[in-house]
Amino acid sequence: GRRDFTINALYCDADGQVHDPLGGYGDLAARRVRFIGGAHARIREDYLRILRFFRFTAEYSDGEIDAAGLAASGELREGIQRLSAERIRVEVLKILAARRASEMIDVMYGHGFWAPLLGLAPVPKHAQALIATAPHSDALARLFALAITTPEDAVHLAHRLRLSTAERDRLSVCATLTERMTQALPKNTIHRWIYANGADAVLEALDMTEIRHSLKPNWASQQGQDPAWTRLRAIAKTWTRPIFPVRGQDLIDRGMKPGPAMGDALRTLEIWWMAQDFVPDRGALLSRLEEIRGSLHL
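Residues numbered from 1 in each chain as written. Predicted model: local features only at pLDDT ≥ 70, side-chain atom pairs only at ≥ 80, totals over all residues. Heavy atoms only, no water.

**Observations concerning the overall build of the chain**
Then step 1. Check the secondary structure of the chain and you find 18 helices and two strands.
Then step 2. For the chain, whose C-alpha radius of gyration is 26 Å, the value lies well above the compact-globule estimate of 19 Å for 298 residues.
Then step 3. For the C-alpha atoms alone, the extent of the chain along its principal axes is close to 80 × 50 × 40 Å.
Then step 4. Per-residue burial for the chain yields a buried fraction of 44% across its 298 residues.
Then step 5. As displayed, the chain has an accessible area near 15,200 Å², and 53% of this comes from carbon and sulfur atoms. (Helix = DSSP H or I, 4+ residues; strand = E, 2+ residues; numbered from the N terminus. Rg over C-alpha atoms; globule rule 2.2 N^0.38 Å. Buried < 20%, exposed > 50% of the residue type's maximum accessible area, 1.4 Å probe, protein only. Areas by Shrake-Rupley, 256 points an atom, 1.4 Å probe, with all protein chains shown as cover.)

**With respect to unusual backbone geometry**
Then step 1. The backbone phi angle of Arg31 is positive, close to 50°, even though this residue is not glycine.
Then step 2. The topology assignment puts Arg31 in the loop between helix H1 (24-29) and helix H2 (39-45).
Then step 3. Look at Asp277: it is not a glycine, yet its phi comes out positive at around 60°.
Then step 4. Tracing the chain through its elements places Asp277 in the loop between helix H17 (260-275) and helix H18 (282-296).

**Overview of the nonpolar core**
Then step 1. Ranked by size, the top nonpolar core spans 88 residues in total, and within it Phe54, Met108, Trp114, Leu117, Leu118, Leu143 and Leu157 carry the most contacts.
Then step 2. Discounting chain neighbours no more than four positions away, the residues touching Leu118 are Leu143, Leu146, Ala147, His156, Leu157, Arg160 and Leu161. (Core = buried A, V, L, I, M, F, W, Y, C linked by side-chain atoms within 4.5 Å. Contact = heavy atoms within 4.5 Å.)

**Details of H17**
Then step 1. For H17, which comprises 16 residues, the first-to-last C-alpha distance of 22 Å matches the rise-based estimate of 22 Å (1.5 Å per residue) to within 8%.
Then step 2. Within the sequence span of H17, burial applies to Met262, Ala265, Leu269, Glu270, Trp273 and Met274.
Then step 3. Downstream of H17 by a residue or two, Asp277 has a phi angle that is positive, lying close to 60°. (Expected span 1.5 Å × (residues − 1).)

**Comments concerning the confidence of the model for the chain**
Then step 1. In this model, the chain carries an average pLDDT of 93, and 95% of its residues clear a pLDDT of 70 or more.
Then step 2. When pLDDT is averaged over each element of the chain, helix H3 (residues 48-60) comes out on top at 98 and helix H14 (residues 219-222) at the bottom at 47. (pLDDT = per-residue confidence, 0-100.)

**Topic: helix H12 (residues 187-197)**
Then step 1. Within the sequence span of H12, burial applies to Asn188, Thr189, Ile190, His191, Trp193, Ile194 and Tyr195.
Then step 2. Residues of H12 that are buried in the fold lie against helix H11 (165-180), helix H13 (199-214), helix H15 (228-238) and H17.
Then step 3. At the exit of H12 stands Gly198, carrying a positive phi of roughly 95°.

**Some words on the environment of Leu140**
Then step 1. As for its position among the elements, Leu140 is in helix H9 (residues 139-147).
Then step 2. Distance from Leu140 to Leu171, taken between C-alpha atoms, is 8.0 Å for residues 31 residues apart in sequence.
Then step 3. With sequence-adjacent residues up to four places away left out, Leu140 is seen in contact with Leu93, Glu167, Arg170 and Leu171.

**Looking at the packing of helix H10 (residues 151-160) against H11**
Then step 1. The geometry of H10 relative to H11 is characterised by a closest axis approach of 8 Å and an angle of 165° between their N-to-C directions. As summarised for this structure, H10 and H11 are arranged roughly antiparallel, according to the angle between their axes. Helix-helix and strand crossings are classified by hand; for H10 and H11 the assignment is right-handed. Residue-level contacts link Pro151, Ala154, Leu157 and Ala158 of H10 to Arg168, Leu171, Ser172, Ala175, Thr176 and Glu179 of H11. (Axes fitted to C-alpha atoms, helices over the stretch in contact; angles between N-to-C directions. Parallel < 35°, antiparallel > 145°, perpendicular 65-115°, else oblique. Left-handed = near helix turned anticlockwise from the far one by under 90°.)

**Focus on the packing of aromatic side chains**
Then step 1. Throughout the structure, instances matching the rule amount to 12 aromatic pairs.
Then step 2. For the ring pair Phe54 and Phe113, a centre distance of 4.9 Å and an interplane angle of 75° mean the geometry is edge-to-face. Of the two residues, Phe54 is situated in helix H3 and Phe113 in the loop between helix H6 (101-110) and helix H7 (114-118); the sequence distance between them amounts to 59 residues.
Then step 3. Its relative accessible area of 0% is what places Phe54 among the buried residues.
Then step 4. Among the residues examined, Phe113 registers a relative accessible area of 1% and is labelled buried.
Then step 5. When the centroid spacing of 5.6 Å and the interplanar angle of 80° are considered together, the rings of Tyr195 and Trp273 count as edge-to-face. Residue Tyr195 is located in helix H12, and its partner Trp273 is located in helix H17; the two are separated by 78 residues in the primary sequence. Accessibility classification places Tyr195 together with Trp273 in one group, the buried group.
Then step 6. In this structure, Arg77 is placed above the aromatic ring of Phe113, and the distance from its NZ or CZ to the ring centre is 5.9 Å.
Then step 7. The ring centre of Tyr195 lies 4.3 Å from the NZ or CZ of Arg241, which sits over that ring. (Phe/Tyr/Trp six-rings, centres within 6.5 Å; stacked < 30°, edge-to-face > 60°. Lys NZ or Arg CZ within 6 Å of the ring centre and 35° of its normal.)

Written out as structure tokens, the structure reads:
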């Protein structure tokens, strides 16, 4: 009776006999998620059960969300603030990855859950558009679409939900690239972004930018007429990130001593190579190196 939902109070003994003391099997067969006993009492035992209620409903339920559970969750939602960021993070990402994530985003938004959870003003239509156009998108991409509009938002959300370093970096890169993305972006800029961040990061930023544009009022009249986004996506999908052909040993072989000055020369050379759209080969780069050494007095 102290478990959370009826479907989680089914038991199997060593002989394979299923025991159902609380009527969970009927709810399981009907794909229905209900709290055991009084929803208020179950939630007060652990406020994380509010988020688990939304997550289990989004993943397993086929019908309407349980009205009694929803009402109790709304009345007791302030209790979520007592939970650790780590516990909230796990449940939020699972909700966003669930089978009915799009519907649950809407339900939670309508009942005022997202803003206090994320500490940001959510944009449900962005996340729902991403789910509709990219149904295999992962939870972190959906979190970005739901909550982030600026690079500062990414930093805030990473801290609030105690995201991992990799998750934080992915959100920050996507936010920065999305903010800078324009339809007239030069090919060389896309190349440099891919070189620095990888093609997946650029494609993700393109997805987010295109979704935001697609929801503008005049988008319907432009669809299919402006090839700009298609052009940028084709570049990101087909361009292969090159490997910088000069190494520190090349500089040592030419008489330079290891240290900060050598690192500066190597970085200056790489920046020049990027500005030339990665065209100069190893020979051209080594020739350029001599010019850089002269200018840096190395």
